[in-house]
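Below, each chain spelled out in residue letters.
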Amino acid sequence: MPDIFPTIKRPTLLLDEKTARRNLHSMALRARQAGARFRPHFKTHQSAAIGEWFRDLEINAITVSSVDMAQYFARAGWQDILIAFPFNWREIDEVNQLASQIHLGLLVESRDTARFLNWHLNHPVDVWIKIDVGSQRTGLAWDDPEAVQALAADLQRGRQLRLRGLLTHAGHSYRARGAEEVCALHQQSMQRLTGLRDQLTQAGLPALEISIGDTPSCSLCDCTGADELRPGNFLFYDVQQSQIGSCQPADIAVAVACPVVALHPERNEAVVFGGAIHLSKDAFDLDGRPAYGLVCLPQPNGWGAPLPGAFVRGLSQEHGVLHLPEEDLARVRVGDLLCILPAHSCLTVTLMRSYLTLTGQVVPTMHSPE
Ligand SMILES: Cc1ncc(COP(=O)(O)O)c(C=O)c1O
């Protein structure tokens, strides 16, 4: 394996392909064991080249979080794409264009939007009703069956609309810690969704599918009963996921290699070139205070385990301020590289725009310059 570190001058997103492919294989297997369609969320990697790893496993349905991302992956040959973000009326022209080319899915949570789509869509699309099972971000409340039924009836009448089912993202699982808590929440979400579906069936609607997809539940729980799984973060995982218990630190498949630019032994700190514009300001809780990443040493085959007691304690635009235990700080020199495991890999990927694999290949994303 070539030594990639001497070539690195600026913050660089390293990709451990072997670990990422292992994460992918194990999630594909979990979906198969649950008897569910696997529709992975591509907002985590955002790369046509990495999408090919999924095709290698005969995965042909994907999730994205924006119309731009749907256009990018449609250009890369994906034919079955769900935009898992509330439909934005102002992008109707782009949506019509996509719907004329591929099998497109949309999320709807209001009767106004159902009417708008019915009026403006020129091509058939699948529609999913977004249900809020407790995360309080988007969706109709799981315990308001009348509202869901009224929307479902509108969608059923829609000219170009094929009502597929109920879809949720149980984002509140991110506040749980450990398999027991995550899976208790997952069971509660599934009971809420299946209960709602049963009420709708009794009211005369055709049997609706259930689509779920948060990485903690999909990594840790038995997802039998769901028709579709849409996790995304599992591919790379990150420190937030390892804190939840969805993965081990050794499963984290991306790290940002950052040059050390200053040392402050008087306060046990090193400063790296690698700030909020590289890592994002997403944080995790470390003994009651926010931290923005864990610190590892580069190794010939990637990076080592996180240094105990070392973490990114602050970020400004380009600076990362790292707290390092005294013995680790004593080994670090200005000009060295340190590898930072990100708090939230999806945002870091968006900011970094391309990857460098451990074998020295540059992998572009949809944000890479042409
Ligand atoms: C609607 C929807 N589906 C699936 C996902 C993927 O979930 P995760 O990031 O937990 O893998 C997300 C992430 O935000 C989402 O919003």
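Residues numbered from 1 in each chain as written. Predicted model: local features only at pLDDT ≥ 70, side-chain atom pairs only at ≥ 80, totals over all residues. Heavy atoms only, no water.

1. A word on the overall build of the protein chain
Formally: Elements are defined by DSSP. Helices are runs of H or I of four residues or more, strands are runs of E of two residues or more, and each kind is numbered from the N terminus. Radius of gyration: over C-alpha atoms. The globule rule applied is 2.2 Å multiplied by the number of residues raised to the 0.38 power. Relative accessibility thresholds used throughout: buried, under 20% of the residue-type maximum; exposed, over 50%; partly exposed, between the two (1.4 Å probe, protein chains only). Note on contacts: a residue pair qualifies if any of its non-hydrogen atoms lie within 4.5 Å across the two residues. When charges are counted, Lys and Arg are positive and Asp and Glu negative, with His and the chain ends excluded. One atom stands in for each charge, and that atom is NZ of Lys, CZ of Arg, CG of Asp or CD of Glu.
Broken down by element type, the protein chain carries 12 helices and 22 strands. Over its C-alpha atoms the protein chain spans a radius of gyration of 22 Å, differing by no more than 12% from the 21 Å that the globule rule assigns to 370 residues. When the backbone C-alpha atoms are referred to their principal axes, the protein chain occupies close to 70 × 45 × 35 Å. Expressed as a percentage of the 370 residues in the protein chain, the buried residues total 56%. Considering only intrachain contacts with a sequence separation of at least 6, the fraction spanning at least 24 residues in the protein chain is 65%. Taking the 33 positively charged and 40 negatively charged side chains of the protein chain as two groups, their mean positions are separated by 3 Å.

2. Some words on unusual backbone geometry
One non-glycine residue, Glu58, lies in positive phi territory at about 60 degrees. Mapping Glu58 onto the fold places it in the loop between α2 (48-56) and β3 (61-64). Given the relative accessible area of 70%, Glu58 is considered exposed. Residue Asp287 is not a glycine yet carries a positive backbone phi of 50 degrees. With respect to the helices and strands, Asp287 occurs in the loop between β13 (284-286) and β14 (289-291). Taking the relative accessible area as the measure of exposure, Asp287 reaches 75% and is therefore exposed.

3. Concerning the site of the ligand
How we decide: One heavy atom within 4 Å of a molecule or strand makes the whole residue count as near it. Two N or O atoms form a polar contact when they lie within 3.5 Å of each other; inside protein one atom must be a possible hydrogen donor and the other a possible acceptor, and for residues adjacent in sequence the pair counts only when both atoms belong to side chains. All accessibility values rest on the Shrake-Rupley procedure with a 1.4 Å probe; residue burial counts only the protein chains present in the view. When residues are sorted by character, Ala, Val, Leu, Ile, Met, Phe, Trp, Tyr, Cys and Pro go into the nonpolar class, Asp, Glu, Lys and Arg into the charged class, and all the rest, Gly among them, into the polar class.
The full set close to the ligand counts 13 residues, and Arg137, Tyr174, Thr215, Arg230 and Gly232 are the nearest of them. Residue Arg230 places a side-chain N or O atom 2.9 Å away from a nitrogen atom belonging to the ligand. At 2.7 Å from an oxygen atom of the ligand is found a main-chain nitrogen or oxygen belonging to Gly232. When the free accessible area of the ligand is taken as 390 Å², the share hidden by the protein chains comes to 94%. Of the residues that constitute the shell around the ligand, the class distribution is 3 nonpolar, 6 polar and 4 charged.

4. Digging into the domain arrangement of the protein chain
By a widely used convention, the size of an interface equals the accessible area lost when the partners come together. Where we set the bar: Just so you know, the domain bounds were taken from an automatic or database domain assignment. Buried area is calculated as the accessible area (1.4 Å probe) missing from two parts once they are joined, with the contributions of both summed.
When its domains are assigned, the protein chain resolves into domain 1 (5-13 + 253-364) and domain 2 (17-236). Distance from the C-alpha centre of domain 1 to the C-alpha centre of domain 2: 33 Å. With 11 residues of domain 1 at the contact, the number on the domain 2 side is 14 residues. Each partner contributes to the roughly 940 Å² buried at the junction of domain 1 and domain 2, and carbon and sulfur atoms together form 56% of this total. By the criterion of area lost to domain 2, the three top residues of domain 1 are Ala253, Cys346 and Tyr355, representing 46% of everything that side buries. Across the contact surface, domain 1 and domain 2 share 5 residue pairs in polar contact (both at pLDDT 80 or more). Where the side of domain 1 that touches domain 2 is concerned, the elements lending two or more residues are α12 (345-352), β21 (354-357) and β22 (362-364). Counting residues per element, the side of domain 1 that touches domain 2 draws most heavily on α12, at 4 residues. Here the side of domain 1 that touches domain 2 is composed, by residue class, of 7 nonpolar, 4 polar and no charged.

5. Some words on the packing of helix α5 (residues 111-120) against helix α6 (residues 145-157)
Let me state the cut-off plainly: Only the stretch in contact is used when a helix axis is fitted, and all axes are lines through C-alpha atoms; the angle between N-to-C directions ranges over 0 to 180 degrees. Should an angle fall under 35 degrees it is called roughly parallel, over 145 degrees roughly antiparallel, and 65 to 115 degrees roughly perpendicular, with every other angle called oblique.
Between α5 and α6, whose axes approach to 9 Å, the crossing angle comes to 0 degrees. Our classification of the angle between α5 and α6 gives roughly parallel. Contacts between α5 and α6 pair Arg111, Ala114 and Arg115 from the former with Ala150, Leu151, Asp154 and Leu155 from the latter. Its residues placed into classes, the contact of α5 with α6 shows 4 nonpolar, no polar and 3 charged.

6. Observations regarding the pairing of strand β9 (residues 209-212)
Heads up, the condition is: We treat two strands as partners when DSSP finds at least two bridges between them.
Side chains Glu209 and Ser211 of β9 all project onto a buried face; the interleaved residues Ile210 and Ile212 project onto the opposite face, where all are buried too. Pairing geometry for strand β8 (residues 161-167) and β9, over 3 bridges, is parallel. Looking at the pairing, Leu167 lines up with Ser211 of β9. Note that β9 and strand β10 (residues 228-229) share 2 bridges and pair parallel. Among the inter-strand pairings, Ser211 is bridged to a residue of β10, identified as Glu228.

7. Things to note about helix α7 (residues 178-202)
The test is simple: Given a helix with a known number of residues, its expected span is that number minus one, times 1.5 Å.
Here α7 contains 25 residues, and its C-alpha end-to-end distance of 36 Å stays within 8% of the 36 Å for a straight helix at 1.5 Å per residue. For α7, the complete set of buried residues consists of Val182, Cys183, His186, Ser189, Met190, Arg192, Leu193, Leu196, Arg197 and Leu200. In the segment just after α7, Gly204 is the residue with positive phi, at about 105 degrees.

8. Things to note about the state of the cysteines
Simply put, disulfide is the name for a covalent bond between the sulfur atoms of two cysteines. Just so we agree on the cut-off: The definition used for a disulfide is geometric: two cysteine sulfur atoms within 2.5 Å.
Scanning all chains against the criterion turns up 1 disulfide. Paired by a disulfide, Cys183 and Cys221 hold their sulfur atoms 2.3 Å apart. One quick way to see it: the torsion about the S-S bond of Cys183 and Cys221 is about -95 degrees, and its sign makes the bridge left-handed. With Cys183 in helix α7 and Cys221 in the loop between α8 (215-220) and β10, this residue pair connects regions lying 38 residues apart in the sequence.

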